[in-house]
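Listed below are the residues making up each chain.
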Amino acid sequence: MSEHFAGSCNEQQSRTNLPAWSQLEQHATKMREATLRELFDADPDRAAAFGIQDLGMYADFAKNRINAETLTLLTELADQCGLREKMAAMFGGEKINISEDRAVLHTALRAPRETTINVDGGNVVPEVHEVLEKMAGFATAVRSRTWRGHTGEPIRNVINIGIGGSDLGPRMAYQALRPFADRNLHLEFVSNIDGADFVEATQGLDPAETLFIVSSKSWRTLETLTNAATAREWVLAAFDGDASSIASHFVAVSTNTEGVPEFGIDPANMFGFWDWVGGRYSLDSAVGLSLMVAIGPENFIEMLGGFHDVDEHFRTAPLERNIPALMGLISVWYNNFLGAESQAVLPYSHYLAHLPAYLQQLEMESNGKHVTVSGAPVDYQTGQIIWGQPGTNGQHAFYQLLHQGTKLVPCDFIAVVEPFSDLAHQHDLLNANVFAQTEGLAFGRTEQELRDAGSPEEQIPHRVCKGNQPTTTLLLDRLDPRSLGTLIALYEHKVFTEGVIWDVDSFDQWGVELGKLLADTIAEELTADSVPSMDHDGSTTELIRRYRTGRGRE
Ligand code: F6P
């Protein structure tokens, strides 16, 4: 067990007893009243003080409801919670996932070849590079059309079957990097146990040209194994049940070396990874295989470079200039001291459309915890509720609440300077909206301003925008494989920082198990030939009964 994560007497006391926590509570009573207008009036140089140019981006924290004292206290809180020591423990391969007794080493997945990172006495970096090479060989074979289907057809369709971390990462990154993808390869992602997902993804596709990448860390996930079985039937049906067709139409990504061959996939076509890679941190492991097929090994390696740049920044930059640490600390500030209930992520790039969904798993599965690392109930809020949509679509849906509602919703705006297409004039308009929104959310519109602009008096109360809605803007130089890696790693380490402050195990997910367990029982009850005896509450029993009736199973 990692001594940095459990056992030190500091860990046994609640975070709320730390001196910096009490000081932040006091500080918050002042800051709750302060407006961004006042903060900017008091310090016209806020942009310089709270802006950081690094990692191929400009991170603008100036429009947050913070001042120099807030940051000092937050970094003191980080020190008192042992953020530095815990970072070192994670990067060093200590078993900081206490409840599962595992190391947490997604950072090893992007470590340069010459690095040494020991887990249980062995250096894991050579194995990481071995798998990357195997992935590159496979991706190149598919991309060069030398990997052939059962009847000798080149592969034109690649379907990733997986869910959660085995789906959201490659799905999000494929959408983000479409301009870098082989446009003649058709990629689909099937995740939902709802058969409609499989049916729609395979609609019109020829099995002879279709390759499935079945991705499951555990190889026990109901959704993935069910969809994989459906896919196997679909392929076998096309080849008169010839089981030898499986070898050329299925590969697997998993840590389960026994389950994969049992399913019928040749172990030679299995790409492994390790229990020290959490599902939601696994995009840059073999779980990214479908992405690598789409964008090619070089671009994939470039993406890993972006991840690694942030790892180095996170490890070495002072906390007050450390972008992911600040993202995490400011998030804690709103969550625990200013009473925010959620956080919006608003990417102004169509390519980043799936980022909010990806970050939902990263944040909410990691930090939605009710006990500390040592198992004591927390007496403060943990976990951010993450939501969002790409701009400008969201502006015509939920921004009204951000501008005039009653809730505090800190927002991350993500924007890109370099246009990707020839439609550069649209890109300028897109970004005009980013800057307009963050300005409007911060400063709003006062009664006086409305009056001066000639608004009818009776409309003024309805038109006032109170402002003071905090935003962080991440302005990327461009969106490419490297900057995508950078962006994702920023959020990974943001989540880590939050988890350290909240003293939770950010790397387990026991809560997900309950639903799986209950669904197993109910699946049997739904399909039983005769009405089963059930042991549920009245509401659940009634729902099951009605469903059975609807399906003609009375
Ligand atoms: O949702 C629970 C979970 O275990 C996630 O953490 C994981 O990403 C997902 O299920 C899929 O798991 P697997 O890759 O083992 O199929």
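The rules behind each value
Residues numbered from 1 in each chain as written. Predicted model: local features only at pLDDT ≥ 70, side-chain atom pairs only at ≥ 80, totals over all residues. Heavy atoms only, no water. Buried < 20%, exposed > 50% of the residue type's maximum accessible area, 1.4 Å probe, protein only. Helix = DSSP H or I, 4+ residues; strand = E, 2+ residues; numbered from the N terminus. Pairing = 2+ DSSP bridges. Contact = heavy atoms within 4.5 Å. Axes fitted to C-alpha atoms, helices over the stretch in contact; angles between N-to-C directions. Near = heavy atom within 4 Å. Polar contact = N/O pair within 3.5 Å; in protein donor to acceptor, adjacent residues only side chain to side chain. Areas by Shrake-Rupley, 256 points an atom, 1.4 Å probe, with all protein chains shown as cover. Nonpolar A, V, L, I, M, F, W, Y, C, P; charged D, E, K, R; others polar. pLDDT = per-residue confidence, 0-100. Core = buried A, V, L, I, M, F, W, Y, C linked by side-chain atoms within 4.5 Å. Domains from an automatic or database assignment. Phe/Tyr/Trp six-rings, centres within 6.5 Å; stacked < 30°, edge-to-face > 60°. Expected span 1.5 Å × (residues − 1).

Where a strand is regular, its side chains alternate between the two sheet faces. Among the 5 residues in strand S8 (residues 250-254), 5 count as buried, and that is most of the element. Residues Phe 250, Ala 252 and Ser 254 line one face of S8 and the alternating positions Val 251 and Val 253 line the opposite face, and both faces are buried. Judged from the 4 bridges that link them, strand S7 (residues 210-215) and S8 form a sheet pairing that is parallel. In the strand pairing of S8, Ser 215 is matched with Val 253. Sheet topology places S8 next to strand S9 (residues 270-272); 3 bridges connect them, and they run parallel.

Let us now look at the sheet that holds strand S1 (residues 51-54). Strands sit in the order S1-S2-S13-S12-S10-S11 across an open sheet of 6 strands; the sheet is mixed. At either margin of the open sheet sits one strand with a lone partner, and together these are S1 and strand S11 (386-387). Contacts from helix H21 (residues 481-502) reach strand S2 (57-60), strand S10 (343-347), S11, strand S12 (411-416) and strand S13 (471-476), with the element oriented near 150 degrees to S13.

Now for the site of the ligand. The full set close to the ligand counts 14 residues, and Ser 166, Ser 216, Ser 218, Thr 221 and Glu 365 are the nearest of them. Taking Gln 361, its side chain carries an N or O atom lying 3.2 Å from an oxygen atom of the ligand. A total of 390 Å² of accessible area belongs to the ligand in isolation, and the protein chains cover 88% of it. Where the shell around the ligand is concerned, the elements lending two or more residues are helix H16 (355-367) and helix H22 (511-527). Per-class residue counts for the shell around the ligand are 2 nonpolar, 9 polar and 3 charged.

Attention now goes to the confidence of the model for the chain. Caution applies to low-pLDDT regions: their predicted coordinates should not be interpreted in detail. Here the chain averages 96 in pLDDT, while 98% of its residues score no lower than 70. A low-confidence stretch, residues 7-11 stays under pLDDT 50, and its non-local contacts, those more than four residues away or across chains, total 10 contacts.

A few words on the nonpolar core. With 129 residues, the main nonpolar core has Phe 138, Trp 276, Trp 333 and Leu 484 as its most contacted residues. For this core, the leading source of residues is H21, giving 11 residues. Each of two domains, domain 1 (3-103 + 317-502) and domain 2 (124-298), supplies a minimum of three residues to this core. Counting residues in each nonpolar core, the second largest holds 22 residues, with Ala 201, Ile 246, Phe 250 and Val 260 among its members.

This part covers the packing of aromatic side chains. Two aromatic rings, taken as a pair, are described by how far apart their centres are and by the angle between their planes. By the definition in use, this model includes 23 aromatic pairs. Between Trp 21 and Phe 337, the aromatic rings sit 4.8 Å apart at their centres with planes inclined by 55 degrees, giving tilted as the arrangement. Remark: Phe 337 occurs in helix H15 (residues 323-337) and Trp 21 occurs in helix H2 (residues 19-31); sequence separation between them is 316 residues. Look at Tyr 281 and Phe 507: their rings are 5.3 Å apart centre to centre, the planes differ by 50 degrees, and that puts the pair in the tilted class. Taken together, the residues Tyr 281 in the loop between S9 and helix H13 (289-295) and Phe 507 in the loop between H21 and H22 connect sequence positions 226 residues apart.

The end-to-end C-alpha distance of helix H10 (residues 222-238) is 25 Å, a good match for the 24 Å that 17 residues give at a rise of 1.5 Å each. Those residues of H10 not exposed but buried are Thr 224, Asn 227, Ala 228, Ala 231, Val 235 and Leu 236. One or two positions beyond H10, positive phi appears at Asp 240, with a value near 50 degrees.

Once that is clear, we can look at the sheet that holds S7. Pairing within the open sheet is parallel, and its 5 strands lie in the order S6-S5-S7-S8-S9. Two strands close off the open sheet at either side, each with one partner strand: strand S6 (186-190) and S9. Direction aside, neighbouring strands of the sheet carry axes that sit 20 degrees apart on average. Docked against the sheet, helix H9 (residues 195-202) engages strand S5 (157-161), S6 and S7, running at close to 175 degrees with respect to S6.

This brings us to unusual backbone geometry. A negative phi angle is the norm for most residues apart from glycine, just as the trans form is the norm for most peptide bonds. Going from Gly 391 to Thr 392, the amide bond is cis rather than trans, its omega being 10 degrees. By secondary structure assignment, the location of Thr 392 is in the loop between S11 and helix H17 (399-404). Even without being a glycine, Asp 101 presents a positive backbone phi close to 50 degrees. Following the sequence through the fold, Asp 101 ends up in the loop between helix H6 (83-91) and strand S3 (118-119). Assessed through its relative accessible area of 47%, Asp 101 is described here as partly exposed. Unusually for a residue other than glycine, Arg 145 sits at a positive phi of about 65 degrees.

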